[in-house]
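Architecture and fold: a report
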Amino acid sequence: MRLSLAPALDPSLAGSLVLLHLAVVAGGLALLSSASVSASGLESVRCRLQGTPRPPAFSQDGDFVIGGVFSIHYYMHTVDHSYTSLPEPLQCTGSMDSRELRFSRAMIFAVEEINNSSYLLPGIMLGYQVHDSCNLVPMAVKVAFQLANGLDPMFDTGEQCSGSATVTAIVGESASTPTISMLRIIGPFGIPQVSHSSTCACLSDKKQYPTFFRTIPSDQFQAAALAQLIRHFGWTWIGAVRSDSDYGNNGMAAFLKAAQEEGICVEYSEAFSLTNPLSRVQRVADVIRSSTARVVVAFVSSWDMRILLREMERLPSPPRQWIGSESWVTEPEMLRFGLCAGTIGIGIQRSVIPGLRDFLLDLSPQKVSNSPLLTEFWEAAFGCVGVEEKVCDGSEDIQQLQTPYTDTSQLRVTNMVYKAVYAIAHAIHSIVCEERENSTVNCDKNLNVKPTQVLERLRRVNFSRNGYQVSFDANGDPVATYELVNWQIQESGKMEFVTVGRYDGSLPLDQRLDIKREITWVKNSTQVPVSVCSESCPPGTRKAIQKGKPVCCYDCIQCAEGEISDNTDSSDCQICPEEYWPNAERDICILKPVEFLSFHEVLGIILTACSVGGALLAIATAAVFYHHRTSAIVRANNSELSFLLLFSLTLCFLCSLTFIGRPSEWSCMLRHTAFGITFVLCISCVLGKTIVVLMAFRATLPGSNVMKWFGPPQQRLTVVSFTFVQAMICTLWLVLSPPFPIKNITTYKEKIILECDVGSAIGFWAVLGYIGLLSLLCFVLAFLARKLPDNFNEAKFITFSMLIFCAVWITFIPAYFSSPGKLTVAVEIFAIITSSFGLFFLLFVPKCFIILFRPEKNTKKHLMEKTSNDIRY
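Let us look at the structure shown here. Numbering of residues begins from 1 in every chain and follows the order in which that chain's sequence is written. Totals for whole chains, interfaces and linings use all residues, but because this is a predicted model, local features are given only for residues with pLDDT of at least 70 and pairs of side-chain atoms are given and counted only at 80 or more. To obtain the side-chain values, all non-hydrogen atoms of the structure were included, while hydrogens and water were left out.

1. Comments concerning the nonpolar core
- With 100 residues, the main nonpolar core has M107, L121, L126, V171, F255, V432 and L458 as its most contacted residues.
- Contacts: residue pairs with any heavy atoms within 4.5 Å of one another. In this structure V432 touches F64, L121, N442, C443, D444, L447 and V449, once residues within four positions along its chain are discounted. Residue types Ala, Val, Leu, Ile, Met, Phe, Trp, Tyr and Cys, when buried and joined through side-chain atoms within 4.5 Å, form a set referred to as a nonpolar core. Type-normalised accessible area, obtained with a 1.4 Å probe on protein chains alone, sets the label of each residue: buried when under 20%, exposed when over 50%, and partly exposed for intermediate values.

Below is the structure:
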């Protein structure tokens, strides 16, 4: 059975395809052909393999043969070509990876287990060809050609130039880069390849690799798991190293993308490989030593990681927290590097394969001697290779051997090999076997099974083996499940792998990572290490990115006035709602304190005392006037207007109380209207007294009859008329646009001022303007009467009182607009009380002084000393 070179085509076309095929394989195993072409079609083609085929490491004939490719050695023996003779076959050399040897033996174990099975491929004998690829592309390419063409040096392709590969499917390769090279060769011929360890996400591309499957999850899932793990522990500043291969480069690219989505910054990302000069590895190690990141993510193959850690041990550096990929984090031989204690990483699920350990240890001297690979392993394991004093004689006890080959306590990738073989077997079973009515299975070993048929059936396999489900999605990938593996130092001082959690890619994003056990970190500490470029910004601050640095490097800036941040590491601060203000730490919005002029605060108490005191003084003065109502000075000062003036002054003092306390709709309307009406009443009384003085002295002129036109009825009418006008203004104001309470949040940002809005500014200034107009008129009249003859000329006191009144209210206007918050109300109250006291003291205190302390002057004779007429007004 050989590769199909061409279908039945036109002879000239077929000949061209043969030559094309020869050109393709010239890089590995060339095919030489001779073909006789006739007019009737393509005749038999005789082909010969160029070069010497390399026998497989392990092989067994069978009805259907499965190929296996593993990286059992690290290097390939190179020779200088003389070009005068055929080159020697490529040979693997260097140290043997006994773990990879275990993988190859596990494949053989699975094949033999299937051959002994009564339910899977009963009566069918599976064969195998296991090759060593040396973990190098050239050898992997040669193995791919050899698995496709077979080992026969000469063969006929048949009359129709048809045939197929010598294997139905291939298990392997262990590394991604050789796998990709193999797929380029065998993919066009439809030979399926099921890898147990090639994790490169690029292999999920079915357009490029339509024949590829794997039992190990793709690095796309591993990258997401690593990023989520790092974010879980709060590490935002990390370093990254990778193998300079398809595995490392593609895996790291996927990780960096996932890390960016998680808000993780990478200080450096370095690549190296096993084949690089030592100086390159030293440079990578120096970058790690000098970095500020305390966490290092290593997307590195186990071979490359050994080289890096050896260099890191040469010059110790501050401890680093290593985060490992599945390639090396569960590699037992890596445990000897003490500097990696506390490492945590993603590992393939540990499993149990019944009977495998007994099979691995069942190496009789005959089996070992019949296999050059097992002989090499045996001699290296027991130290009897090339040593004359110690020769392997078969008495060595493999049961006591402690190597990765015999270690079955951590069967992870080994199980992937096991599942790959079973997946291929189930695909073949679905082709050649059928179940009969009596539940017996009949299989046809003579059926010609093509690799393309196995390829099609592999897409649909779905079975369970040893409790592990095996199936492939549309990309040929299995369900991504990982273990979180931690390197912990036990009480005995030995370092071991400990499973501390699980990652299941089939679950919702927030449920995928599940950590179940305590993790031991670097330096055997239980404290999670810190790896950040900048310390976390506490609530009340925001992050400001440092210029020219990654987003994880920032300064913590306190939130601006009126803004808060209630989370750690906030990128922006939030503005508090209008009625809220940040607390001192600026991490929560609290209700702004409500402020108004209260009766309970010092300023409110003082103003209340002044207001009540003024009212009491006015009432006391009225009582004194009433008690001495028959005295000359009371009678001479128009007692009726005096009592009305004292009453209005009492109201003026008391109306200031309506400005104190929490504003409400009623208090806002009352305070301004009461103030306006009481003051107009007060000024009207003063104006009436001033007019009486003027009229009284004019009445002393010969023939004057003025006083009869301004007697008590006219005085009352004057006061009522002036007051009625103000009452009408206030009524219109209250009806059209009355004052109302508001919350002033503009004057002070950090507090709310409760105050009364005047509603209509026209109404407010009309009330004040009317008071001002009456005050000005009263002042002018009093000023004109200030020099009229009389021993007690009241016009002088009225003039001074109105002067004080006008001065107070003129200065009130700028003070009113410049005073913030509740001080505006205080200024208004102060103006009311001051102007009221001015009127009270200048109009009534002198009279009370004479009444109470100078009664000798409270006589008609004293009042008439400097006048020739008895004037009563």
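There is more to say, and it comes next.
2. Considerations on the side chain of S174
- What counts as a helix is a DSSP run of H or I of at least four residues, what counts as a strand is a run of E of at least two, and both are numbered from the N terminus. Its place among the elements puts S174 in the loop between β9 (169–171) and α4 (176–186).
- Here E100 takes part through its side chain, which lies 2.6 Å from a polar atom of the side chain of S174.
- In contact with S174, not counting residues within four places along its chain, are V69, F70, S71, E100, H196, S197 and S198. Under the rule applied, a polar contact is a pair of N or O atoms within 3.5 Å (in protein, one hydrogen donor and one hydrogen acceptor; residues adjacent in sequence only if both atoms are side-chain atoms).

3. A word on the sheet that holds strand β11 (residues 212–214)
- Across the sheet, six strands lie side by side as β3-β7-β4-β9-β10-β11; this open sheet has mixed pairing. Because the sheet does not close on itself, it has two edges, and the strands there are β3 (58–60) and β11. For this sheet, the mean angle separating the axes of adjacent strands, direction not counted, is 25 degrees.
- When DSSP locates at least two bridges between a pair of strands, those strands are taken to pair. Two elements, strand β4 (residues 64–70) and β9, share three bridges in a ladder whose sense is parallel. Among the inter-strand pairings, I66 is bridged to a residue of β9, identified as A169. Interaxial angle, 0 to 180 degrees, is taken between N-to-C directions of lines fitted to C-alpha atoms, where a helix line uses only the stretch in contact.

4. Quick look at the state of the cysteines
- Any pair of cysteine sulfurs within 2.5 Å is marked as a disulfide. Taken as a whole and judged by the stated rule, the model has ten disulfides.
- There is a disulfide in this structure between C265 and C552, and the S-S distance comes to 2.0 Å. As the torsion about the S-S bond is roughly 85 degrees, the C265-C552 disulfide counts as right-handed. Of this pair, C265 sits in strand β13 (residues 265–272) while C552 sits in the loop between β24 (541–545) and β25 (554–558), and the two are 287 residues apart along the sequence. By the burial criterion, C265 is buried, and C552 matches it.
- Unpaired in terms of disulfides, C682 finds its nearest cysteine sulfur in C652, a separation of 4.7 Å.
- Judged by its relative accessible area of 0%, C682 falls in the buried class.

5. Considerations on the pairing of β4
- For β4, the buried fraction is high: seven of the seven residues fall into the buried class.
- Neither face of β4 is exposed, since F64, I66, G68 and F70 on one face and V65, G67 and V69 on the opposite face are all buried.
- Strand direction decides the pairing type here: β4 and strand β7 (residues 126–132), joined by seven bridges, are parallel. Following the sheet pairing, G68 is matched in β7 by V130.

6. Side note on the pairing of β13
- Pairing analysis gives seven bridges linking strand β12 (residues 237–243) to β13, with the strands arranged parallel. Bridge pairing in β13 places S243 opposite F272.
- Read from β12 through helix α6 (residues 246–261) to β13, the crossover connection turns out right-handed. Crossovers are marked right-handed if the path from the first strand over the helix to the second runs clockwise, as seen with the strands pointing away from the viewer.

7. Some points on the sheet that holds strand β30 (residues 594–595)
- Judged by pairing direction, the sheet is mixed, and its three strands sit side by side in the order β30-β32-β31 without closing on themselves. At either margin of the open sheet sits one strand with a lone partner, and together these are β30 and β31 (740–744).
- Of the pairings in the sheet, the one linking β31 to strand β32 (residues 752–757) comprises five bridges and is antiparallel in character. Residue F740 lies in a different strand from β32, and its bridge partner there is D757.

8. Comments concerning a nonpolar patch on the surface
- The patches described consist of residues with a relative accessible area above 30% and no salt bridge, like charges being joined within 9 Å and nonpolar side chains (Val, Leu, Ile, Met, Phe, Trp, Tyr) within 5 Å. Accessible surface area values rest on a Shrake-Rupley calculation with a 1.4 Å probe, where residue burial reflects the displayed protein chains alone. Any carboxyl oxygen of Asp or Glu within 4 Å of a side-chain nitrogen of Lys or Arg constitutes a salt bridge here. Taken together, L776, V780, F783 and L784 make up a surface patch of nonpolar side chains, about 370 Å² in accessible area.
- Of note, F783 is situated in helix α20 (residues 761–784).
- For F783, a relative accessible area of 37% translates into the label partly exposed.

9. Focus on empty space enclosed by the protein
- Here a cavity denotes a set of grid points, spaced 1 Å apart and computed over the protein atoms alone, in which a 1.4 Å probe fits but from which it cannot get out, and a pocket denotes an open set meeting protein on both sides within 12 Å along at least five of seven lines; residues with an atom within 4 Å of a point are reported as lining. Grid points are joined across faces, edges and corners, and a volume is the space filled by probe spheres set on the points. Tallied over the entire structure, the rule returns two cavities of 30 Å³ or more.
- Within this model, the largest cavity holds a volume of roughly 70 Å³.
- Forming the walls of the largest cavity are R99, R102, F103, T330, P332, D407, Q410, R412, V413 and T414.
- In terms of residue class, the lining of the largest cavity is made up of three nonpolar, three polar and four charged.
- The calculated volume of the second largest cavity comes to roughly 50 Å³.
- In this structure, the second largest cavity is lined by F596, L597, F659, G661, P663, I753, L754, E755, G821, K822 and V825.
- When residues in the lining of the second largest cavity are grouped by element, the largest group, three residues, is from β32.
- Taken together, the residues that form the lining of the second largest cavity break down as seven nonpolar, two polar and two charged. The nonpolar class holds Ala, Val, Leu, Ile, Met, Phe, Trp, Tyr, Cys and Pro. Asp, Glu, Lys and Arg form the charged class, and all remaining residues, Gly among them, are polar.

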